Amino acid sequence: MLTNKREVLKGFFVLEGIDGSGTTTQLHRLEARSVSEGVAFRADCEPTSHPAGVLIRTILRGDIEAQPGTIARLFAADRHQHLEGPLGIRRSLNAGTKVLSDRYFFSSLAYQGLDCSWEEVSNLNVGFPFPETLFFLDLEVGEAQARINSRGQAREIYEEAPIQERVRLGYQRAISEAQAQGLEVMRLDARQSVKELTDSIWSRICR
Ligand code: TYD
């Protein structure tokens, strides 16, 4: 189980969903919306562009072998830097900038929870604060796979359909545990149009 007393970071928002659910598309559209509306807003993602995140990407491509427990720790290390580093989320929030991250520790539970024990991944992520709102783009695996195929890119280690089915179940568990501890979750049907999704998410961010 996740801990009972998580800090909640006001102004911090997270997008989550299985691969192909459209989180990155939404991130870019929301960033463009913030520019056109003149809202102080920062959009970024995990893994980050910090060397810890770059190392993770090489592992995800299958170029370097790493044990599941190593991968889980690298994601937690990258997340710590993302939050606390000199260019981190807290600095931006303190400066009055809203922050949206494409993926956060819910991804670690859903993905690393497949090969590590749930408890191990929970413990590695127990110290990270909750966002103000988690946006979950919900999509059936078949549909998400069709979108991944249409990109025509090389697949990463988690992108095969049977793994994604398990990731989707992992998300359900992560989200229901977090909701039980007070996390605000906006679950969105990712089959809606790209514009409808952007509008719904943006109005919640700016409420
Ligand atoms: P993704 O967000 O889809 O980015 P891109 O479109 O640039 O490939 O890919 C990141 C992958 O990292 C995705 O498969 C999920 C995985 N991931 C984890 O396994 N654990 C984590 O904690 C995070 C943040 C991501």
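Residues numbered from 1 in each chain as written. Predicted model: local features only at pLDDT ≥ 70, side-chain atom pairs only at ≥ 80, totals over all residues. Heavy atoms only, no water.

### Focus on the overall build of the protein chain
A tally of regular secondary structure across the protein chain gives nine helices and five strands. Walking the protein chain from its N terminus toward its C terminus, one meets helices and strands in the order β-α-β-α-α-α-β-α-α-β-α-α-β-α. A globule of 207 residues ought to have a C-alpha radius of gyration of about 17 Å, and the protein chain, at 16 Å, matches this closely. With the principal axes as the frame, the protein chain shows a C-alpha extent of 45 × 35 × 35 Å. In the protein chain, which comprises 207 residues, the share counted as buried stands at 52%. (Helix = DSSP H or I, 4+ residues; strand = E, 2+ residues; numbered from the N terminus. Rg over C-alpha atoms; globule rule 2.2 N^0.38 Å. Buried < 20%, exposed > 50% of the residue type's maximum accessible area, 1.4 Å probe, protein only.)

### What about the site of the ligand?
Taken together, 14 residues are adjacent to the ligand, and Asp19, Arg79, Arg103, Ser108 and Gln112 come closest. Take arginine 103: an N or O atom from its side chain is 2.7 Å from an oxygen atom of the ligand. Protein chains shield 87% of the accessible area of the ligand, which is 550 Å² for the free molecule. Only α2 (51-60), α3 (68-84) and α5 (105-115) provide two or more residues apiece to the shell around the ligand. By residue number, the principal contributor to the shell around the ligand is α5, which donates four residues. Across the shell around the ligand, the residue classes break down as five nonpolar, three polar and six charged. (Near = heavy atom within 4 Å. Polar contact = N/O pair within 3.5 Å; in protein donor to acceptor, adjacent residues only side chain to side chain. Areas by Shrake-Rupley, 256 points an atom, 1.4 Å probe, with all protein chains shown as cover. Nonpolar A, V, L, I, M, F, W, Y, C, P; charged D, E, K, R; others polar.)

### Concerning the packing of α3 against α5
Running from amino to carboxyl end, α3 crosses α5 at an angle of 170 degrees, the nearest separation of the two axes being 9 Å. Taken together, α3 and α5 sit at an angle that is classed as roughly antiparallel. Between α3, through Pro68, Ile71, Ala72, Phe75 and Arg79, and α5, the contact on the second element is made entirely by Phe105, Ser108, Gln112 and Asp115. Residues of the contact of α3 with α5, tallied by class, amount to five nonpolar, two polar and two charged. (Axes fitted to C-alpha atoms, helices over the stretch in contact; angles between N-to-C directions. Parallel < 35°, antiparallel > 145°, perpendicular 65-115°, else oblique. Contact = heavy atoms within 4.5 Å.)

Geometric values such as these leave the question of function open.
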